[in-house]
Amino acid sequence: MQDFKPYNEYIAALCNELTLAKHRQLVIVQGSETWCYQFASQLALNNTYVLSASSQLANSEFPKHAHQILGQEFQHAIFDGFSGLYVDKLAALVGTVKAGGVLILLLPEDNHWQDPALTSITSYGEEITHSFFNQRFFTKLKLQRHYFTEHSVPVYQSVSPATAEINYQQQQACVEQIIKTATGRANRPLVISADRGRGKSAALGLAAANLQDKKILICTTQAKAVQTSFKHLASELGITKEQNCKQLANLSYIAPDSLLDEKPDCDLLFVDEAAAIPVSILLQILKSYPRIVFASTMVGYEGNGRGYTLRFLHYLRSQFKSLKTITLEEPIRFAKRDPLENSIRELLLLDAKYLDTHSSKQYQFENISKEQLVVDEQLLSQIMALLALAHYQTTVNDLRQLLDAPELQLSICKQENTLKAVCLVAVEGGLTTEIAEQVKTGKRRPHGHLMAQTITQLSQNTEDLCKRSARVVRIAVAPECHQQGVGSSLLNYCEKQLDNCDYFGASFGANASLVKFWQSNGFKVIKLGFSHDKATAEHSALVIKPLTRQARHSVTQLNNEFKHDFSLQLLGHFSHLPWQLIAELLPHFSQSECPAALLTRAERLLNTEFTLFSAQPLLWQLFWHTPISLHLLNKDTKRILIRLILQQTGIEHFINEASLSGKKALNTQFKTAVQGWYAHFKLLHNIDN
């Protein structure tokens, strides 16, 4: 058996220096699987978390989701690359390592190694013959200082670091603000945002220790994610904490579903790792508890983590004028300029920041290959930064998708060599008739091909899955170019690049502005999901645009079917859908000939002293025969007609929603709205006064 003594002496010397500097370090261990596992197994490191799917490594864990790792602390960590380079898990694991610790990354040296993680990003029927992500990753790893191989260990060179100081002032200010939330006026939520290692979970525990007279609940998806909070509570109070603690002193853990089902009483509620909880659930929690602290770990990209927080903050600010927000930037788990954090940020482009420059030059559009991206670090960095800036859900996995997913096509818009917009398109479909038949009947759902499968299930036509279709996965436009037609121009460019595709489409969390953008570019809504998107609390819309004559007929049919279903769903499942979204959808629905009997009845009824209830059935029919009739009305008229006729909102509910003084004011506004609409309706149908 190989003598590992030189390796262990090296790591021991490194840890001694890291302890003085309060820093952490990445150590690369590259060799055969057998040797790497032997190396890891003989290490004498205390409190080490081993992330591996292999039974050869003792006490290893391989959590399904990255967020299951968050909120924990370990002196050291081992990441088994042989189990797959799952970069979201790697990024999460980095944040758990404490000062003085190392993250050991086990990797193969075989150039023909098949990374197990590649199967998770490959659509059915596609194959990755070369990983450009791994090419870039391994190239950058070789520049790391602490690099062990099966055949050599570097000579240790001491850097003699000075003892570092950690600044706790920001964390203390956070603790004080949490205490104010608990003791001050109700309905003043606090939102804490922090990158990993900034002491967010610790602050919750420290605050709980200072609020011993308060009953506090801490809610998150994983009980082990709140152990850091319990640990700091125990330390502050001088009491013992069990290993997987769920209740200690005045602090108790509760899962999100149990919180909503049981609604237990408490003086203060902590919602930790809030970004991992669906916004729809967060909104329900908000209604039930008057004193809440939301804490979220930021992923690291400029704009991401923050993007989620800002999106949620937008709603909170609209509802709570006294909302407080804190961003923890000072590291607590380790000192500033931490080598491990710096290494992982470079490897995964976590420090990518979008650089906006203004120019009067013309916009240029081009397709970018994966071969180009892997050798152009600046372009790759700008693309990731722009995606993160525009999309709250951008994660480190998107970097891997961008470089490796064979079905993804990348197009960009530049202005004098400055990136202005990005569009990622996935080519789907092209499956066999046999597979398509199984999808149609619900017996199979092959990985990927999301839009193609949905179209097939809606149309019940297997040809739609056998044909090729293209789905926009992401489209991002630089903030300085918004409302200038750049996104539409890039979409148009992408469409021209599509060969042999019948459909061009996208799926997104539906709101009025996004639906307006897609419909203005010729896309039609064919489906609105029944459940809320976990991150946005919005219903997912599927829009498609036909690229062939045959597809045009199919899209028209699917849009008409959606219209008929939607008209009735607004009375039930979608009765609380935002009226602004409905107002955007209506003008793009097809018109149908209005029966003469309905027109005659309208003339008779609407020229009398009608009431809401007497006019509701007739107006509902007229609106769906001529949905465009609402298009040119002012927003107040649209709102009252959509809410009271198309969604048939209860009178008392609408009076409260619209802040009206009572039923008399409602009746007055309703009649004014109907008269305004009817004048427009008569023009559309050439009805004489």
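Residues numbered from 1 in each chain as written. Predicted model: local features only at pLDDT ≥ 70, side-chain atom pairs only at ≥ 80, totals over all residues. Heavy atoms only, no water.

J.: Teacher, can you tell me more about the nonpolar core here?
T.: Considering soluble globular proteins, one finds that nonpolar side chains tend to be buried as a cluster. Counting residues in hydrophobic clusters, the biggest one holds 157 residues, and the most contacted among them are Phe 566, Leu 641, Leu 646 and Trp 677. Setting aside residues no more than four positions away along its own chain, Trp 677 makes contact with Leu 606, Leu 619, Leu 622, Phe 623, Ser 629, Leu 630, Leu 633 and Leu 641. (Core = buried A, V, L, I, M, F, W, Y, C linked by side-chain atoms within 4.5 Å. Buried < 20%, exposed > 50% of the residue type's maximum accessible area, 1.4 Å probe, protein only. Contact = heavy atoms within 4.5 Å.)

J.: I would appreciate a short explanation of the layout of surface pockets in the present structure.
T.: Empty space among the atoms becomes visible once a probe the size of a water molecule is rolled across them. A volume near 710 Å³ is recorded for the second largest pocket. What lines the second largest pocket is a set of 23 residues, and nearest its centre among them are Asn 47, Thr 48, Tyr 49, Phe 74 and Gln 243. Looking at the lining of the second largest pocket, the elements with two or more residues in it are helix 2 (33-42), strand 2 (48-51) and helix 7 (227-237). Of the residues in the lining of the second largest pocket, the class split is nine nonpolar, nine polar and five charged. (1 Å grid on protein atoms, 1.4 Å probe; cavity = no way out; pocket = protein on both sides within 12 Å on 5 of 7 lines; lining within 4 Å. Points joined across faces, edges and corners; volume = space filled by probe spheres on them. Helix = DSSP H or I, 4+ residues; strand = E, 2+ residues; numbered from the N terminus. Nonpolar A, V, L, I, M, F, W, Y, C, P; charged D, E, K, R; others polar.)

J.: Got a minute to help me understand helix 16 (residues 450-459) in this structure?
T.: Since there are 3.6 residues in each turn of an α-helix, residues three or four apart along the chain are aligned in direction. Of all the positions in helix 16, only Met 451, Ala 452, Gln 453, Thr 454, Ile 455 and Thr 456 are classed as buried. Residue Gln 460 follows helix 16 closely and has a positive phi angle near 60°.

J.: Explanation requested: the pattern of salt bridges in the structure shown.
T.: A side chain with one charge may pair with a side chain of the opposite charge, provided their charged atoms come close. Within the structure shown, the criterion is met by 27 salt bridges. Where Arg 345 meets Glu 341, a salt bridge forms, and the shortest distance between an N and an O atom there is 3.9 Å. Here Arg 345 and its partner Glu 341 are both found in helix 11 (residues 339-347), four residues apart, which amounts to about one turn of the helix. Residues Arg 345 and Glu 341 agree in their burial class; the two are buried. Across the pair Glu 428 and Arg 471 runs a salt bridge whose closest N-O atoms are separated by 2.6 Å. Of this pair, Glu 428 sits in strand 16 (residues 418-429) while Arg 471 is found in strand 17 (residues 468-477), placing the two residues 43 residues apart along the sequence. With respect to class, Glu 428 is no different from Arg 471; both count as buried. (Salt bridge = Lys/Arg side-chain N within 4 Å of Asp/Glu carboxyl O.)

J.: Help me understand unusual backbone geometry, please; the structure alone is not making it clear to me.
T.: For residues besides glycine, phi is generally negative; the peptide bonds are generally trans as well. If you check the backbone angles, Leu 349 has positive phi at about 55° while not being a glycine. You can see Leu 349 is positioned in the loop between helix 11 and strand 14 (363-368). Among the residues examined, Leu 349 registers a relative accessible area of 8% and is labelled buried. Of note in the backbone geometry, Asn 417 takes a positive phi value of approximately 65° without being a glycine. The residue Asn 417 is located in the loop between strand 15 (408-415) and strand 16 in this model.

J.: Help me out: how do you make sense of a positive patch on the surface in this one?
T.: A cluster of basic residues, Lys 180, Arg 185, Arg 188 and Lys 324, forms a positive patch at the surface. With respect to the secondary-structure elements, Arg 188 resides in the loop between helix 5 (169-183) and strand 7 (190-194). (Patch = residues over 30% accessible without salt bridge, like charges linked within 9 Å, V, L, I, M, F, W, Y side chains within 5 Å. Areas by Shrake-Rupley, 256 points an atom, 1.4 Å probe, with all protein chains shown as cover. Lys, Arg positive; Asp, Glu negative; His and termini not counted. Charge placed at Lys NZ, Arg CZ, Asp CG, Glu CD.)

J.: In this structure, what is going on with the state of the cysteines? I would like to understand it.
T.: Every disulfide links exactly two cysteines, by a covalent bond between their sulfur atoms. Tallied over the full model, the rule gives zero disulfides. With no disulfide of its own, Cys 36 lies 18 Å from the sulfur of Cys 15, the closest cysteine sulfur. Taking relative accessible area as the criterion, Cys 36 reaches 0% and is therefore assigned buried. Residue Cys 481 stays outside any disulfide, its sulfur separated by 6.9 Å from that of Cys 413, the closest cysteine. (Disulfide = S-S within 2.5 Å.)

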